[in-house]
Amino acid sequence: MSFGLFFDRSSVKYKYSYEDDTPYEEEGTGASTKFGLGFRMDLSDVMTLDLAGDYTKVTDTYKKDYDDDEDDAEVELDPGKIMSFRGRMFYEWNDEITFVPYASYTGRDFAYKPVDEEYNNEGYGYKDMEMTFGIGANMTVNEDAMILFAVEPFSYWKAEPSGYTEDFEESWEVKYLVMPRFILALESDLTDWLTFRTGCSKDLGKASWKWKDEDVTHEKEWTYNKDKCDLNSFAWNLGLGFHFGDFDIDCLLNKSVPFKMGYWLTGMQTASEKTTPIFMISAKYHF
């Protein structure tokens, strides 16, 4: 058995002013603190179990000051929280194929206070939950390449406001049900110091939006619903891994890099957008 601990802390602070017909100043702060715990146990010579969970506390405040003092606002998160649980199991069916059943749950809640000043007669904040079940297969092609294929037969997401003001007589919620999702990925060691990764996913899902209006005399409900599983939700990613001695450096690439190579070493620019060639970099040192 083995255990793992995780800690993450990030913060942001901003302030700016706007001088025009309606001058005002705005400033805000935000912070996120996450604690996580992981557990691994070998169930047999061919089976390994992984369990993990984390809790995140989020604080956020902002303040607006107008010259006329009529629309000043000061809002504070109440504070927000995120809870996540994950589990998976590796089963080595043979030397080439390893099956990986997995499940995950995430819940978020970001309520604000005071609600009467900034959120008069409406819903405020945001909360959601997401649950996924799936099974994957790691298939070894040769000593330098592996293909991953996974099917998630059930994935469910629901979102709604954290709460409603007392005078608000309406409610809304959004749902997204995936049955199923397909995932395909490739990892290949091009050299002993460079690894190439690419993957894609396709959803067959159903989305719905519901709004209720309740008053003294009647109740109404409007529902938008995709009756058939025909949402064209497709996503794909590119990645590179660099290995130098005891260092492993992984990069998530901008997907348009292969198609716009002219300025990719220092940053990509077009007439309509300014982006970077690498979205995220993570490094690991083995000791």
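Cut-offs and rules
- For every chain, the first residue of the written sequence is number 1, and numbering continues from 1 onward in sequence order.
- Residues qualify for local features only when their pLDDT is at least 70, as the model is predicted, and side-chain atom pairs are given and counted only at 80 or more; totals for whole chains, interfaces and linings, by contrast, use all residues.
- Just so you know, side-chain values use all the structure's heavy atoms and leave hydrogens and water out.
- Secondary structure elements follow DSSP: runs of H or I no shorter than four residues count as helices, runs of E no shorter than two count as strands, and numbering proceeds from the N terminus.
- A 1.4 Å probe rolled over the protein chains alone gives each residue an accessible area, and that area as a share of the maximum for its type sets the label: buried under 20%, exposed over 50%, partly exposed in between.
- It only takes one pair of heavy atoms within 4.5 Å for two residues to be counted as in contact.
- Per-residue and other accessible areas were derived by the Shrake-Rupley procedure at a 1.4 Å probe size, with only the shown protein chains allowed to occlude residues.
- To define a nonpolar core, start from buried Ala, Val, Leu, Ile, Met, Phe, Trp, Tyr and Cys residues and group those joined through side-chain atoms within 4.5 Å.
- Whenever a carboxyl oxygen of Asp or Glu lies within 4 Å of a side-chain nitrogen of Lys or Arg, that contact is scored as a salt bridge.
- When DSSP finds at least two bridges between two strands, those strands are taken to pair.
- Here a polar contact is taken to be a pair of N or O atoms separated by no more than 3.5 Å, where protein atoms must pair a possible hydrogen donor with a possible acceptor and residues adjacent in sequence count only if both atoms sit in side chains.

Concerning the overall build of the chain
Regarding its fold elements, the chain presents 1 helix and 19 strands. Going through the 287 residues of the chain one by one, you find that 27% of them count as buried. Taking the intrachain contacts of the chain between residues at least 6 apart in sequence as the baseline, contacts between residues at least 24 apart amount to 57%. Of the roughly 19,200 Å² that the chain leaves accessible, carbon and sulfur atoms contribute 56%.

Comments concerning the nonpolar core
Counting residues in hydrophobic clusters, the biggest one holds 5 residues: L194, L238, L240, C251 and L253. Those elements that place two or more of their residues in this core are β15 (233–244) and β16 (247–253). If sequence neighbours within four positions are ignored, L194 has contacts with S188, D189, L240, G241, F242 and H243.

Concerning the pattern of salt bridges
Using the criterion set out here, one finds 11 salt bridges in the structure. Two residues, D50 and R88, come together in a salt bridge whose shortest N-O distance is 3.0 Å. Remark: R88 occurs in strand β5 (residues 80–92) and D50 occurs in strand β3 (residues 47–66); sequence separation between them is 38 residues. Overall, the relative accessible area of 8% leaves D50 in the buried class. Where D54 meets R86, a salt bridge forms, and the shortest distance between an N and an O atom there is 3.0 Å. Of the two residues, D54 sits in strand β3 while R86 sits in strand β5, which places them 32 residues apart along the sequence. On the basis of relative accessibility, which here comes to 36%, the residue R86 falls in the partly exposed class. Linked by salt bridges that have partners in common, R40, D50 and R88 make up one network.

A short note on the pairing of strand β6 (residues 97–110)
Note: β5 against β6, 10 bridges, orientation antiparallel. In the strand pairing of β6, R88 is matched with Y102. In textbook terms, the turn of a hairpin is the stretch between consecutive antiparallel strands, and for β5 and β6 this stretch comprises 4 residues. Note that β6 and strand β9 (residues 126–142) share 14 bridges and pair antiparallel. Counted as the bridge partner of A103 is F133 from β9.

Topic: the environment of G53
If you trace the backbone, G53 turns up in strand β3. Residues G53 and F85, 32 residues apart in the sequence, show an inter-C-alpha distance of 4.3 Å. For G53, the contacting residues outside a window of four places in its chain are F35, G36, L37, S84, F85 and R86.

Quick word on the side chain of E152
Of note, E152 is situated in strand β10 (residues 145–160). A polar atom in the side chain of E152 sits 2.4 Å from the side chain of R181. Each residue touching E152, except ones within four places of it in the same chain, is listed here: Y102, T132, F133, G134, P180, R181 and I183.

Brief notes about the environment of E173
Within the element layout of this structure, E173 appears in strand β12 (residues 170–189). Residue E173 is classed as buried on the basis of its relative accessible area of 14%. In contact with E173, not counting residues within four places along its chain, are K158, A159, E160, S208, W209 and K210.

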